[in-house]
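Below, each chain spelled out in residue letters.
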Amino acid sequence: MSGTWIEVDLDAVVGNYQEVIKHLHPGARCMAVVKADAYGLGAIEVAHALARAGCEAFAVTRVEEGLILREQGIEGLILVLGPTSKEEWPRAIAAQLQLTISALSSIADLDEVCSDPELEFQQVQVHLKIETGMGRTGFQPVEMDALAIALAKASHVQVVGIYTHFARAAQRDRRYSLGQYERFRASIARLEELGISPVWKHVCNSAAFLDYPEWHHDFVRIGTLLIGHYPGQGFSGKLNLSDPWVAKSRIVHLRTVPKGTDVGYQSIYRTKAITQLAVLPVGYADGFGLAPHFAPQGWIDFLKIVLKNFAALFGIFLGQERVDLKGRRVRVAGKIGMQLTVIDVGMLDCALGDEVQIPLRRTVANPRIPRRYRQEGQMLSERIMKEGVLPVNPEYSLQ
Ligand SMILES: *Cc1c(COP(=O)(O)O)cnc(C)c1O
């Protein structure tokens, strides 16, 4: 029995998907973004649950992620959002992944790779990415003429879609998003004048999906909402979402200690009274206590960060993580270790083996932590990874 594991409720994921579907503009479909192992939940399991619920389109960042989904029996459209390389193309084409193209130079190269008579499919379906304000990948709107010329020469490259990605939709910066949308529209208009009309247009991520129903077009690309989160402040309550994710650990060591006991590296925690210290087999190597570092959003956020660091200078650690034990909020005592964490459980009635719920951020949770999948009240499967990247559960082995 593992000491730390994650329970994923696939009914909740499907419920969130159905909520999205309910709010789609007529004619639009949901493309489920299952990149980064479905934001940590497990791409294979999430994609299968969504496919069973009728989802026909999926998106990932990398070719490797798309290949895994195909090998595991996902039959729908799979779009690779990120840049891809020449070496990956033959495998991507064989698996009938749809690719994003963002650079003029790749069109002739892609056409050449596809024309290889050895290939089973000599056609690749692509989506054109337009750079409108994200500053990451995509064709500049001024490149449309050159793009049309390059495409006209590439008979093996079939354009099926065109899209862009919003940089500030989650911050609800309407002006910025409108600017991006206008540049996208102008690019399409120019391409159409030049005789290129992609079938599908798509622009919305979770935030834009909620704020701009008139921009749903043919697909909305949804990740965050499917995993039960809102994309930012001010969105909560817009859908009836549920959280499919619970991370759990169990007490593996328990000891009563006197007042004044120092705990952990740097002894940043000292018990204030006689208490029980419990040890959990989870740490920052599992992703516990980790979060991506973001620049402060506004002055209040900035002041909070300053205050926190200032207090730490004097040995006062604000914002320590808390865990849930039998419905009670319990403090982490001292620094989170690499694979062990101490919690101060006071005189709460507890025992070795008791389960504790831990706040573990999905996208940084170590993939080696076992995931247990539940659907329709039943344990569906368990995913255990040994060597870091690929599942070893025979059902999902990917040799
Ligand atoms: C991640 C991603 C999405 C999904 O965004 P959410 O806000 O998580 O729904 C959509 N489009 C692109 C290009 C992405 O990279």
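For the structure, check the block above.
Residues numbered from 1 in each chain as written. Predicted model: local features only at pLDDT ≥ 70, side-chain atom pairs only at ≥ 80, totals over all residues. Heavy atoms only, no water.

## Some points on the overall build of the protein chain
Consideration 1: Across its full length, the protein chain carries 10 helices and 20 strands.
Consideration 2: Going through the 399 residues of the protein chain one by one, you find that 48% of them count as buried.
Consideration 3: By sequence separation, contacts in the protein chain at least 24 residues apart represent 67% of the contacts at least 6 residues apart.
Consideration 4: With an accessible surface of roughly 19,800 Å², the protein chain has 53% of that area assigned to carbon and sulfur atoms.
Consideration 5: A distance of 10 Å separates the average location of the 43 positive side-chain charges in the protein chain from that of its 43 negative side-chain charges. (Helix = DSSP H or I, 4+ residues; strand = E, 2+ residues; numbered from the N terminus. Buried < 20%, exposed > 50% of the residue type's maximum accessible area, 1.4 Å probe, protein only. Contact = heavy atoms within 4.5 Å. Areas by Shrake-Rupley, 256 points an atom, 1.4 Å probe, with all protein chains shown as cover. Lys, Arg positive; Asp, Glu negative; His and termini not counted. Charge placed at Lys NZ, Arg CZ, Asp CG, Glu CD.)

## A few points about the packing of helix H7 (residues 144-152) against helix H8 (residues 174-193)
Consideration 1: For the pair H7 and H8, the least separation of the axes is 9 Å and the interaxial angle reads 45°. Relative to H8, H7 is oriented oblique. Our pair here, H7 against H8, has a crossing hand that is right-handed. For the pair H7 and H8, contact is made by Met144, Asp145, Leu147 and Ala148 and by Ser187, Arg190 and Leu191, respectively.
Consideration 2: Tallied by class, the residues present in the contact of H7 with H8 amount to 4 nonpolar, 1 polar and 2 charged. (Axes fitted to C-alpha atoms, helices over the stretch in contact; angles between N-to-C directions. Parallel < 35°, antiparallel > 145°, perpendicular 65-115°, else oblique. Left-handed = near helix turned anticlockwise from the far one by under 90°. Nonpolar A, V, L, I, M, F, W, Y, C, P; charged D, E, K, R; others polar.)

## Topic: the sheet that holds strand S20 (residues 378-383)
Consideration 1: Taken in spatial order, the 10 strands line up as S11-S14-S17-S16-S15-S18-S10-S1-S19-S20 in an open sheet, and their pairing is mixed. In the strand order of this sheet, the two ends are held by strand S11 (253-257) and S20, each with one partner. For this sheet, the mean inter-axis angle between neighbouring strands, taken without regard to orientation, is 35°.
Consideration 2: On top of the sheet, helix H1 (residues 10-22) reaches strand S1 (4-9), strand S19 (371-375) and S20; it is set at about 60° to S19, its chief contact. (Pairing = 2+ DSSP bridges.)

## A few points about the sheet that holds strand S5 (residues 98-101)
Consideration 1: Strand order in the closed barrel formed by 8 strands is S2-S3-S4-S5-S6-S7-S8-S9, and the pairing between neighbours is parallel. Along the sheet, successive strands turn relative to each other by an average axial angle of 30°, direction set aside.
Consideration 2: When strand S7 (residues 157-163) meets strand S8 (residues 200-204), the two strands line up parallel, connected through 3 bridges. Opposite isoleucine 162, over in S8, you have lysine 201 as the bridge partner.
Consideration 3: Along the sheet, helix H4 (residues 63-71) contacts strand S3 (57-60), strand S4 (77-80) and S5; its crossing angle with S4, the most-contacted strand, is approximately 165°.

## So, a nonpolar patch on the surface
Consideration 1: Together, Leu307, Phe310, Leu313, Phe314, Ile316 and Leu318 make up an exposed nonpolar region whose accessible area comes to about 670 Å².
Consideration 2: Tracing the backbone shows leucine 307 in helix H10 (residues 298-313). (Patch = residues over 30% accessible without salt bridge, like charges linked within 9 Å, V, L, I, M, F, W, Y side chains within 5 Å. Salt bridge = Lys/Arg side-chain N within 4 Å of Asp/Glu carboxyl O.)

## Side note on the site of the ligand
Consideration 1: The ligand sits among Val33, Lys35, Tyr39, Leu81, Arg136, His165, Asn205, Ser206, Arg221, Ile222, Gly223 and Thr224.
Consideration 2: At 2.6 Å, a side-chain N or O of tyrosine 39 approaches an oxygen atom of the ligand.
Consideration 3: When the free accessible area of the ligand is taken as 390 Å², the share hidden by the protein chains comes to 90%.
Consideration 4: Elements with a contribution of two residues or more to the shell around the ligand: helix H2 (35-39) and strand S9 (219-222).
Consideration 5: For the shell around the ligand, the per-class residue count stands at 4 nonpolar, 5 polar and 3 charged. (Near = heavy atom within 4 Å. Polar contact = N/O pair within 3.5 Å; in protein donor to acceptor, adjacent residues only side chain to side chain.)

## Concerning the packing of H1 against helix H3 (residues 43-52)
Any two packed helices are characterised by how steeply their axes cross, that is the angle between the axes, and by the distance between the axes.
Consideration 1: Look at H1 against H3: their axes get within 9 Å of each other, and the N-to-C directions meet at 55°. Our classification of the angle between H1 and H3 gives oblique. Of the two elements, H1 crosses H3, and the hand of that crossing is right-handed. Residues Leu10, Val13, Val14 and Tyr17 of H1 lie in contact with H3, whose contacting residues are Glu45, Val46, Ala49 and Leu50.
Consideration 2: Of the residues contributing to the contact of H1 with H3, the split by class is 7 nonpolar, no polar and 1 charged.

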